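Results of the structural survey
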Amino acid sequence: MNTIEGFARYLAENQIEAGRDRPLSEWSSFRIGGPADLFIAPKSEEEAAKALCYAGAHGIPLVVLGKGSNVLFSDAGYRGAVLHLGAGFDNIRRVGENEIYCEAGAGLGDLAVFAAECGLTGLEFAYGIPGSVGGGVYMNAGAFGSEVKNVIVSARYLSADGVRKELGVDEMNLSYRHSAFMEMDGVITGAAFKLAQGDPEEIKARMGDYLGRRESKQPLEYPSAGSTFKRPAGNFASALIDQCGLKGLAVGGAAVSEKHAGFVINTGDASCRDVLALIGKVKEEVFRQTGYRLEPEVRVIGE
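It should be emphasised that the depicted structure is a prediction, and the values quoted were computed from it without experimental measurement. (Residues numbered from 1 in each chain as written. Predicted model: local features only at pLDDT ≥ 70, side-chain atom pairs only at ≥ 80, totals over all residues. Heavy atoms only, no water.)

**Describing the side chain of R214**
Considering the arrangement of structural elements, one finds R214 in helix 5 (residues 200–217). The charged side chain of R214 is buried without a salt bridge, its nearest counter-charge being E215 at 8.8 Å. Ignoring sequence-local partners within four residues, the contact set of R214 consists of F125, Y127, G128, I129, A143, F144 and L220. (Helix = DSSP H or I, 4+ residues; strand = E, 2+ residues; numbered from the N terminus. Buried < 20%, exposed > 50% of the residue type's maximum accessible area, 1.4 Å probe, protein only. Lys, Arg positive; Asp, Glu negative; His and termini not counted. Salt bridge = Lys/Arg side-chain N within 4 Å of Asp/Glu carboxyl O. Contact = heavy atoms within 4.5 Å.)

**A look at the sheet that holds strand 12 (residues 164–168)**
Spatial ordering of the open sheet is given by 6-7-13-11-12, a layout of 5 strands whose pairing is antiparallel. Of all the strands in the sheet, just strand 6 (92–94) and strand 12 have a single pairing partner and so form its edges. Taken pair by pair, the neighbouring strands of this sheet meet at an average axis angle of 20 degrees, ignoring direction. Here 5 bridges tie strand 11 (residues 152–159) to strand 12, and the two strands are oriented antiparallel to one another. Within the sheet, the bridge partner assigned to Y157 lies in strand 12 and is K165. (Pairing = 2+ DSSP bridges. Axes fitted to C-alpha atoms, helices over the stretch in contact; angles between N-to-C directions.)

**Re the pattern of salt bridges**
Tallied over the full model, the rule gives 13 salt bridges. The partner of E45 in a salt bridge is R164, and the shortest N-O contact between them spans 2.5 Å. Placement of the pair is E45 in helix 2 (residues 45–57) and R164 in strand 12, with a sequence separation of 119 residues. Given a relative accessible area of 11%, E45 falls into the buried group. Measuring nitrogen to oxygen at the nearest pair gives 3.6 Å for the salt bridge that ties E297 to R177. Of the two residues, E297 is situated in the loop between helix 7 (272–290) and strand 18 (299–301) and R177 in the loop between strand 12 and strand 13 (186–194); the sequence distance between them amounts to 120 residues. What makes R177 buried here is its relative accessible area of 12%.

**A short note on helix 3 (residues 108–117)**
For helix 3, the complete set of buried residues consists of L108, G109, L111, A112, A115 and A116. Within helix 3, the buried residues cover an arc of 160 degrees as seen down the axis, which keeps them to one side. Considering only its buried residues, helix 3 is in contact with strand 6, strand 7 (99–103), strand 8 (120–121), helix 4 (133–138), strand 13 and helix 5. Where helix 3 ends, the next residue or the one after it, G119, has phi of about 70 degrees, a positive value. (Arc of directions from axis to C-beta.)

**A few points about helix 1 (residues 3–13)**
Taken residue by residue, helix 1 has I4, G6, F7 and L11 as its buried positions. Seen from one end, helix 1 has its buried residues packed into an arc of 160 degrees, which puts them on one side. Within helix 1, the exposed residues directed more than 90 degrees away from the buried face are A12 and E13. Of the residues one or two after helix 1, Q15 is the one with positive phi, at around 55 degrees.

Now the structure itself:
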């Protein structure tokens with residue numbers, strides 16, 4: 001019995017939901033990606049801990065997936081296990097007058113709506129971001145001048161050996177699109193946020209304004225991973241790409257959006273290799289014309 005078959009049997013014996021050869025294109029906002037050897041959907045921290053421990057003990061590669069909004073999976077898929085935090089990790093609750101605890105599988109947009117309904121302000125920027133709370137903490141997601149760093153208090157996670165731990169905001173090393181979790185093995189399972197009192201109608205109006213701006217400026221009608229490149233110091237990736245005349249540049253089914261140059265989109269049949277080749281062309285041309293080195297924001301998994 002090979003390691004993946006053994007892992008699948010272990011999960012079945014422990015009644016942990018899992019499937020073989022699931023196409024990752026179904027779980028990626030890019031709609032790109034081949035099959036994962038094993039796709040695991042734990043319903044509790046205990047189940048996730050068991051999966052983590054087994055994978056670690058048997059040397060099985062494992063990657064954590066939330067809503068798949070900032071990842072690009074290989075066309076060949078993933079030779080290992082994907083641990084998906086979804087149902088079972090989506091509870092949001094108020095834990096104090098100004099505090100909310102949210103599990104990692106909940107959507108950032110759902111968290112923003114919950115906060116608004118509680119009359120708490122500070123998370124409006126997250127409305128319309130398609131990722132999960134776990135992913136948002138992992139990459140310190142942000143928009144419209146705000147970021148997770150401004151409102152998070154602490155995050156709970158499972159270490160690689162399945163032990164439940166917690167980091168306070170001062171320990172997370174949060175900076176632009178970065179957190180300490182990027183240098184750690186483990187799984188974020190939830191986070192606490194401290195907000196401020198506000199008027200629910202004013203909060204919802206700001207959320208509506210932010211969403212309207214996204215819809216008018218971003219190519220939301222196409223599959224993508226959001227902003228493809230990080231913001232370079234002293235400039236904006238989208239402005240540099242536009243300045244270099246790269247809107248509409250395409251490789252296979254991947255193209256630089258005509259609507260927003262910062263987005264690489266899947267026009268219908270893009271492959272991972274199309275996207276990576278296009279990213280490479282954009283980086284090369286922007287550097288040639290401007291001297292700026294663009295760094296992708298999207299996580300590439302399986303290549």
